[in-house]
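# Tertiary structure, described
Each chain, written out:
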Amino acid sequence: GTIDLLLGRKHRAEQLRSCLGIARCLIVSGNADTQPEVLSAMGKAASDLLQDELPLGPSVVSVMGGSTMVSVAECLTPALARNRELTFVPARGGIGEAPALQANTISAKMAEQTGSQYHSLFIPESISQEAIDSLRLDPGIRDVMKLIKSSNIVIHGIGEAIQMAKRRQMSPELIETLKKRQAVGEAFGYFFDKSGQIVYKLPRIGLQLEDLAEMDFVLAVAGGPQKAAAIQAYAKIAPKQTWLITDEGAADTILKK
Ligand code: F6P
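A short tour of the structure in this document, coming up. Source: prediction; values computed, not measured.

## Details of helix α10 (residues 248-256)
Those residues of α10 not exposed but buried are Gly249, Ala250, Ala251 and Ile254. Where α10 is buried, its residues meet α1 (2-20), β1 (24-28), α9 (228-235) and β11 (242-247).

And the structure:
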């Protein structure tokens, strides 16, 4: 019956959690690679989870981009901001996504959906390290940077490495390098191989991987068998307080191995 099904899924989620070595896993049914509605189901699960788990009072929430985050944003409601003062910020600026998928867009959308505040961080794409260094001195940018660094909650996606490199229109040479270094996944602009070794990092400003360790709550949302290796590899560098919302497609692939 339904109870057995629910218990079975709970057991599976605990198996996955223990396999990945993170705080908690939630598995929604289906396969995001072949069923578009699974993306919405993960978004809804994320919205429910945030409602239950986010601390009350003020929080700065930094968010990443991508289509999974769009789905999370669409599922948020003003209920999330009840007894909370949320400020949404992009976790990292300018990592080459199309406008609709950028962290700035998602952060503004989450603020709109919940009736909260947001701040944008506009960093042009193909910009030199010197220019980044001087942008850091700009008072407006510095204020948003400070907010990002002070964030206590992060919501992010995980991607398959080469797919992400192509979506960001990284050069063929760089894509070759990523292949040679056996990159399997990407999160926060960091590309890593299956052992969780960072093999390439986009030189952009904002949250760094080491900043995650101090967060109160870290939520990763990623599903579909195509992301199984990426999720598994990312779990090796993820902070221990990470929660993962995924689907059966990815969970089954990870647990089968
Ligand atoms: O580029 C932002 C980002 O969050 C990446 O870090 C991640 O790999 C990707 O988007 C996930 O995108 P999607 O949800 O569309 O698969």
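## So, unusual backbone geometry
The backbone of Asn83 sits at a positive phi, close to 60°, despite the residue not being glycine. When you line up the elements, Asn83 lands in the loop between α3 (67-75) and β3 (84-90). Notably, Gln182 is not glycine yet its phi reads approximately 55°, a positive angle. Looking at the secondary structure, you find Gln182 in the loop between α8 (172-180) and β7 (183-187).

## A short note on the pairing of β11
For β11, the tally of buried residues reaches six of six residues, placing the bulk of the element in the interior. What you see with β11 is no split at all: Thr242, Leu244 and Thr246 on one side and Trp243, Ile245 and Asp247 on the other are buried throughout. As judged from the five bridges shared by β1 and β11, these two strands associate in the parallel manner. When the bridges of β11 are listed, Ile27 appears paired with Thr246.

## What about the packing of α1 against α10?
Interhelical geometry of α1 versus α10 gives an angle of 55° and a closest axis separation of 10 Å. Considering the angle they form, α1 stands oblique to α10. You can see that α1 and α10 cross each other, and the crossing is left-handed. Packed against α1, whose contacting residues are Arg9, Arg12, Gln15, Leu16, Cys19 and Leu20, the element α10 presents Glu248, Ala251, Asp252, Ile254 and Leu255 at the interface. When grouped by side-chain class, the residues that make up the contact of α1 with α10 number six nonpolar, one polar and four charged.

## What to know about the sheet that holds strand β5 (residues 153-156)
Sheet architecture is open: seven strands sit in the order β1-β11-β10-β5-β2-β3-β4, paired in parallel fashion. Edge positions in the sheet fall to β1 and β4 (117-118), since each has one partner strand and no second. Relative to strand β10 (residues 217-221), β5 runs parallel, the two being bridged by four bridges. Residue pairing across strands places Val154 opposite Val218, the latter belonging to β10. The sheet contacts of helix α4 (residues 103-114) involve β2 (57-63), β3, β4 and β5, and relative to β3 the element is tilted by about 160°.

## Considering the site of the ligand
Taken together, 15 residues lie around the ligand, and Ser67, Thr68, Glu97, Glu186 and Lys227 are the ones closest in. In this structure, an oxygen atom belonging to the ligand sits 2.7 Å away from a side-chain N or O atom of Arg168. In this structure, Glu186 approaches the ligand through a side-chain N or O atom, which is 2.5 Å from an oxygen atom. Compared with its free state, where it exposes 400 Å², the ligand has 96% of that area covered by protein. Listed by contribution, the elements that provide at least two residues to the shell around the ligand are α3, α7 (161-167) and β7. Of the residues assigned to the shell around the ligand, the class counts are five nonpolar, five polar and five charged.

## Overview of the sheet that holds strand β6 (residues 159-160)
Strand order in the open sheet made by the four strands is β6-β7-β8-β9, with antiparallel pairing throughout. With partners counted over all chains shown, the strands left at the sheet margins are β6 and β9 (198-201), one partner each. On top of the sheet, α9 reaches β6, β7 and β8 (190-193); it is set at about 70° to β7, its chief contact.

## A closer look at the packing of aromatic side chains
Applying the stated criterion across every chain, the model contains three aromatic pairs. Judged by centre distance (5.9 Å) and plane angle (40°), the ring pair of Phe192 and Tyr234 falls under tilted. Of this pair, Phe192 sits in strand β8 while Tyr234 sits in helix α9; the two residues are 42 residues apart in sequence, bridging distant segments of the chain. Taken individually, Phe192 and Tyr234 each receive the classification buried, so the pair is uniform in this respect. Seen in terms of ring centroids, Phe217 and Trp243 are 5.7 Å apart; in terms of plane orientation they differ by 50°. Their pairing is tilted. In this pair, Phe217 sits in strand β10 while Trp243 sits in strand β11, placing the two residues 26 residues apart along the sequence.

Cut-offs used in this document
Residues numbered from 1 in each chain as written. Predicted model: local features only at pLDDT ≥ 70, side-chain atom pairs only at ≥ 80, totals over all residues. Heavy atoms only, no water. Buried < 20%, exposed > 50% of the residue type's maximum accessible area, 1.4 Å probe, protein only. Helix = DSSP H or I, 4+ residues; strand = E, 2+ residues; numbered from the N terminus. Contact = heavy atoms within 4.5 Å. Pairing = 2+ DSSP bridges. Axes fitted to C-alpha atoms, helices over the stretch in contact; angles between N-to-C directions. Parallel < 35°, antiparallel > 145°, perpendicular 65-115°, else oblique. Left-handed = near helix turned anticlockwise from the far one by under 90°. Nonpolar A, V, L, I, M, F, W, Y, C, P; charged D, E, K, R; others polar. Near = heavy atom within 4 Å. Polar contact = N/O pair within 3.5 Å; in protein donor to acceptor, adjacent residues only side chain to side chain. Areas by Shrake-Rupley, 256 points an atom, 1.4 Å probe, with all protein chains shown as cover. Phe/Tyr/Trp six-rings, centres within 6.5 Å; stacked < 30°, edge-to-face > 60°.

Read these as layout, nothing more, since geometry by itself doesn't imply function.
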